[in-house]
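Analysis of the macromolecular model
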Amino acid sequence: MPNSPTSNVNKQRWMSKVPDIDRLKLIDLIWPGVHNAGMDKKAPNYDVIIGNWTTCQNDSFAWQLANGARAFDLRLGYRPGTPKGEYYFHHNGYQSHRVLDELIDAVNGFLDRNPDEFIILDFHQLRDGEQDFDYRQFSNLLVRRLGARAISPQHEHMTVGELKAASSQKRVVLAASDSVELDMEYFWNRIPHRWSGSRLTDISALRQHIVRTLDTPRFGSYLWSLTATSYTFLGGPVDIKQHINDWFHSSRDWVTRCSIISTDFFDESEIVGYCWVANSMKAVSQRG
């Protein structure tokens, strides 16, 4: 697709290439998101049959970052151990055998190479069913390993330019459900997800859900995630890349009305390029 918006976009550094992005706040950006990022086809426990219903992405965290993803929908479980337990990624209890340390390593490595990109780690689910979850250890681990990169929730109204001027390191939003054991100096409030409300959503129902969501008034600016995924009982995730490319095309207004657009197999569509274009348009509109 030589004329696609992504054909001329460096996906590893697309945010730093948005003209005038320094004028925008993180809460005003349009983010290409990955639905259930810890469940991918290259994960150690990937199974072709079961994976048809549980796998949502094509490759690892590092690969997703390199291909333009900047907002990660994450579901963690906890396995107690001695002296420390392990935090693992899952989809409704099915484990990919990817662990939290892999994500942290990927983020640190990526930002070492691309210091002016920004990343949202949206820990949407911190529990696996009824199993216990050690929130305090989770918080301590994130603060110890990503604290130097974490943007304080008190700075959510700063522009990208102000954030860059204030620190050459702080590029990560850590968002999680409220818990007294999370260090709120580092963790933003839980990011609301707008999904269809049904695990089985055909394309028509998904379109109606998106229209209904975008037509619902929102008061103020904040991060929120639109879940643009479609599932059927027999087929699992539906290939909707052509619909994503149509609905969020830069010539329409849907993309500019979004915050995080969370999709399955995000790299198969043009969503990164459309977000680049939408953010460029939004930034230019902020010129005095």
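We now turn to the structure provided with this report. (Residues numbered from 1 in each chain as written. Predicted model: local features only at pLDDT ≥ 70, side-chain atom pairs only at ≥ 80, totals over all residues. Heavy atoms only, no water.)

Side note on helix α6 (residues 203–215)
For α6, built from 13 residues, the straight-helix expectation of 18 Å at 1.5 Å per residue is met to within 8% by its first-to-last C-alpha distance of 18 Å. Residues of α6 that are buried: Leu206, His209, Ile210, Thr213 and Leu214. Looking down the long axis of α6, one finds its buried residues gathered within 120° of arc, a one-sided arrangement. Lining the buried residues of α6 we find β8 (193–194), β9 (225–227) and α7 (241–247). For α6, the capping residue at the N-terminal end is Asp202, with a side-chain oxygen 3.3 Å from the backbone nitrogen of Ser204. (Helix = DSSP H or I, 4+ residues; strand = E, 2+ residues; numbered from the N terminus. Expected span 1.5 Å × (residues − 1). Buried < 20%, exposed > 50% of the residue type's maximum accessible area, 1.4 Å probe, protein only. Arc of directions from axis to C-beta. Contact = heavy atoms within 4.5 Å. Polar contact = N/O pair within 3.5 Å; in protein donor to acceptor, adjacent residues only side chain to side chain.)

Here's the deal with the packing of helix α3 (residues 100–113) against helix α4 (residues 135–146)
The contact between α3 and α4 brings their axes to 11 Å, and the two run at 20°. As the angle between them shows, α3 and α4 are arranged roughly parallel. For α3 against α4, the interelement crossing comes out right-handed. Only Phe138, Leu141, Leu142, Arg145 and Leu146 of α4 make contact with α3, whose side of the interface consists of Leu100, Asp101, Ile104, Asp105, Val107 and Asn108. Its residues assigned to classes, the contact of α3 with α4 comprises seven nonpolar, one polar and three charged. (Axes fitted to C-alpha atoms, helices over the stretch in contact; angles between N-to-C directions. Parallel < 35°, antiparallel > 145°, perpendicular 65-115°, else oblique. Left-handed = near helix turned anticlockwise from the far one by under 90°. Nonpolar A, V, L, I, M, F, W, Y, C, P; charged D, E, K, R; others polar.)

Focus: the pattern of salt bridges
Throughout the structure, instances matching the rule amount to 17 salt bridges. The salt bridge partner of Asp246 is Arg252, with a shortest N-O separation of 2.9 Å. Judged by its relative accessible area of 37%, Asp246 is partly exposed. We classify Arg252 as partly exposed; its relative accessible area is 42%. A salt bridge links Arg257 to Asp253, with the nearest nitrogen and oxygen atoms 3.5 Å apart. Shared partners join several salt bridges into a network, and the residues in it are Asp40, Arg98 and Glu102. (Salt bridge = Lys/Arg side-chain N within 4 Å of Asp/Glu carboxyl O.)

A closer look at unusual backbone geometry
The backbone phi angle of Asn92 is positive, close to 50°, even though this residue is not glycine. Mapped onto the elements of the fold, Asn92 is located in the loop between β3 (86–91) and β4 (94–99). The backbone of Phe265 sits at a positive phi, close to 45°, despite the residue not being glycine. Its location among the elements puts Phe265 in the loop between β12 (260–263) and α8 (271–285). Of the residues examined, Phe265 reaches a relative accessible area of 17% and is grouped as buried.

Considering the packing of aromatic side chains
Per the stated rule, a full pass over the model turns up 11 aromatic pairs. Between Phe248 and Trp254, the ring centres sit 6.1 Å apart and the planes meet at 65°, which makes this aromatic pair edge-to-face. Grouping residues by exposure puts Phe248 and Trp254 together as buried. Connected via pairs of aromatic rings, a cluster forms that spans Tyr78, Tyr87, Phe123, Phe133, Tyr135, Phe138 and Phe187. The ring of Phe265 carries Lys41 above its face, with NZ or CZ at 5.1 Å from the centroid. (Phe/Tyr/Trp six-rings, centres within 6.5 Å; stacked < 30°, edge-to-face > 60°. Lys NZ or Arg CZ within 6 Å of the ring centre and 35° of its normal.)

Some words on α3
Taking 1.5 Å of rise per residue, the 14 residues of α3 would be expected to cover 20 Å, and the 20 Å separating its terminal C-alpha atoms lies within 8% of that figure. Those residues of α3 not exposed but buried are Leu100, Leu103, Ile104, Ala106, Val107, Asn108, Phe110 and Leu111.

A few points about the environment of Leu146
On the secondary structure map, Leu146 appears in helix α4. The class for Leu146 is buried, based on a relative accessible area of 1%.

Focus: the layout of surface pockets
What the largest pocket holds in volume is close to 530 Å³. Taken together, 23 residues form the lining of the largest pocket, with His35, His91, Asn92, Trp195 and Arg199 sitting closest to its centre. For the lining of the largest pocket, the residue count by class is six nonpolar, 15 polar and two charged. What lines the second largest pocket is a set of 19 residues, among which Pro237, Val238, Asp239, Phe265 and Glu268 lie closest to the centre. Here the residues of the lining of the second largest pocket sort into eight nonpolar, six polar and five charged. (1 Å grid on protein atoms, 1.4 Å probe; cavity = no way out; pocket = protein on both sides within 12 Å on 5 of 7 lines; lining within 4 Å. Points joined across faces, edges and corners; volume = space filled by probe spheres on them.)

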